[in-house]
Amino acid sequence: MRIIILKDNQAVADFGAQHIQNKLRQQPSSTLGLATGSSPIKLYEQLITAYKNNEVSFKDVTTFNLDEYLGLADVHPQSYRHFMNTQLFNHLDIKLTNTFVPDGSTTDPFKTCADYEELIVGKGGIDLQLLGIGKNGHIGFNEPSSSLASRTRVKTLSKSTVEANQHFFNPDEFQPYLSITMGIGSIMEAKEILLIATGETKANAIQQTVEGPLSAHCPASILQMHSKAIIAMDEDAAQQLHDIDFYKYVEKENQRYIKS
Ligand code: GLP
């Protein structure tokens, strides 16, 4: 794992956006795995700015989102499809038909999950997967105890995840507690992974991810097994790491020969 500790939220967004742009310059027809939640919002703003400045194009890019609430139609304002359209896709030259989010309004979730897996394989797999992380170490909606080999499927959200996402919903609005999520095994097949984490509420999950044992108790710890994973975080999210000086030293050395 490459562990990158940056000053703040903005620096993490800048790094992540630059990393994605570098990927698209090398491989303009990349397939990106994308995430929702608060963490990538600034990064997406940076990508939009770069596109508007003619620094990058998304016209040949395909995207797959990690997850969707089961029971929300794509037009629902709290659906992840709506989030992606409004926070990113509507502001780029990407073809909406090349953007995929699991169908939360499906009447046959099991088929929807199997079809999603097939579609990813059919597009040649994911070149670069962007991830956030839950306070409990979840990735996508793979909550603690999820099989580390799991595939796209229906998952029940933990109480802490429902609470953490409550602020996106109006108090009287139905908040789903079921989701469709890419599995941990599916995520691990991405050729490259970039996980971003900011704020002290993520510090324990980051410590477990980077230094804890490989365990379904902290799903993100599986990234220890990925040969090309970057964990980019701000100082607040890094504050519980035991070997923080070592990681900073290694990354300084990395800068001599790694471009992004
Ligand atoms: C959400 C999403 C995840 C996201 C995580 C963290 O529930 N399913 O993909 O990474 O929880 O969210 P946030 O970035 O808002 O802290």
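Bear in mind the structure is a predicted one, so any value in this text is a computation, not a measurement. (Residues numbered from 1 in each chain as written. Predicted model: local features only at pLDDT ≥ 70, side-chain atom pairs only at ≥ 80, totals over all residues. Heavy atoms only, no water.)

Novice: So, the environment of Leu47: which residues are in play, and what are the values?
Specialist: With respect to the helices and strands, Leu47 occurs in helix α2 (residues 41–52). Put simply, Leu47 and Ala237 are 190 residues apart on the chain and 23 Å apart in space, counted from C-alpha to C-alpha. Apart from residues lying up to four places away in sequence, Leu47 is in contact with Ala17, Ile20, Gln21, Val56, Phe58, Leu88 and Leu92. (Helix = DSSP H or I, 4+ residues; strand = E, 2+ residues; numbered from the N terminus. Contact = heavy atoms within 4.5 Å.)

Novice: Residues and numbers for helix α3 (residues 80–87), please.
Specialist: Considered for burial, the residues of α3 that qualify are Tyr80, Arg81, Phe83, Met84 and Asn85. On its buried side, α3 packs onto β2 (31–34), α2, β3 (62–65), β4 (67–69) and β5 (99–100). (Buried < 20%, exposed > 50% of the residue type's maximum accessible area, 1.4 Å probe, protein only.)

Novice: Describe the pairing of strand β6 (residues 128–131), and please don't skip the residues or the numbers.
Specialist: Taking every second residue as pointing to the same face, both faces of β6 are buried, with Leu128 and Leu130 on one and Gln129 and Leu131 on the other. Pairing of β2 with β6 involves 2 bridges; the strand directions are parallel. Its bridge partner being in β6, Gly33 is matched across the sheet by Gln129. Sheet topology places β6 next to strand β9 (residues 192–197); 4 bridges connect them, and they run parallel. In the sheet register, Leu130 faces β9, and the bridge partner there is Leu194. (Pairing = 2+ DSSP bridges.)

Novice: Can you break down the sheet that holds β4 residue by residue, with the values?
Specialist: With antiparallel pairing, 3 strands are arranged side by side in an open sheet as β4-β8-β7. Only two strands of the sheet have a single partner each, and these edge strands are β4 and β7 (153–156). Averaged over all neighbouring strand pairs, the angle between strand axes comes to 30 degrees, with direction disregarded. Direction of pairing for β4 relative to strand β8 (residues 178–181): antiparallel, over a ladder of 3 bridges. From the neighbouring strand, Tyr69 faces β8, where its bridge partner is Ser179. (Axes fitted to C-alpha atoms, helices over the stretch in contact; angles between N-to-C directions.)

Novice: How would you summarise the packing of aromatic side chains if you had to cite specific residues and measurements?
Specialist: All told, the structure shown has 7 aromatic pairs when counted by the stated rule. Geometrically, the ring pair formed by Tyr80 and Phe141 is stacked, given 5.9 Å between the ring centres and 15 degrees between the ring planes. Here Phe141 lies in the loop between β6 and β7 and Tyr80 lies in helix α3, a separation of 61 residues in the sequence. Assigned by exposure class, Tyr80 and Phe141 land together as buried. Taken together through their ring pairs, the aromatic side chains of Tyr69, Tyr80, Phe141 and Phe169 make up a single cluster. (Phe/Tyr/Trp six-rings, centres within 6.5 Å; stacked < 30°, edge-to-face > 60°.)

Novice: Hey, could you go over the packing of helix α1 (residues 9–26) against α2 for me, with residue numbers and the actual values?
Specialist: Any two packed helices are characterised by the angle at which their axes cross and by the distance between the axes. The geometry of α1 relative to α2 is characterised by a closest axis approach of 8 Å and an angle of 50 degrees between their N-to-C directions. By the criterion of interaxial angle, the relationship of α1 to α2 is oblique. Along this stretch, α1 crosses α2, giving a crossing that reads as right-handed. In this structure, α1 contributes Asn9, Gln10, Ala13, Asp14, Gly16, Ala17, Ile20 and Gln21 to the contact, and α2 contributes Lys42, Leu43, Gln46, Leu47 and Ala50. For the contact of α1 with α2, the per-class residue count stands at 6 nonpolar, 5 polar and 2 charged. (Parallel < 35°, antiparallel > 145°, perpendicular 65-115°, else oblique. Left-handed = near helix turned anticlockwise from the far one by under 90°. Nonpolar A, V, L, I, M, F, W, Y, C, P; charged D, E, K, R; others polar.)

Novice: Which residues make up the nonpolar core, and what values do they have?
Specialist: Leu195, Ile206, Leu223, Met233 and Leu241 are the most contacted members of the largest nonpolar core, which totals 34 residues. Secondary structure elements with two or more residues in this core: β1 (2–6), α4 (109–122), α6 (184–188), β9, α7 (203–211), β10 (229–234), α8 (235–238) and α9 (244–254). Ranked by size, the runner-up nonpolar core spans 30 residues in total, among them Val12, Ala13, Ile20 and Leu92. (Core = buried A, V, L, I, M, F, W, Y, C linked by side-chain atoms within 4.5 Å.)

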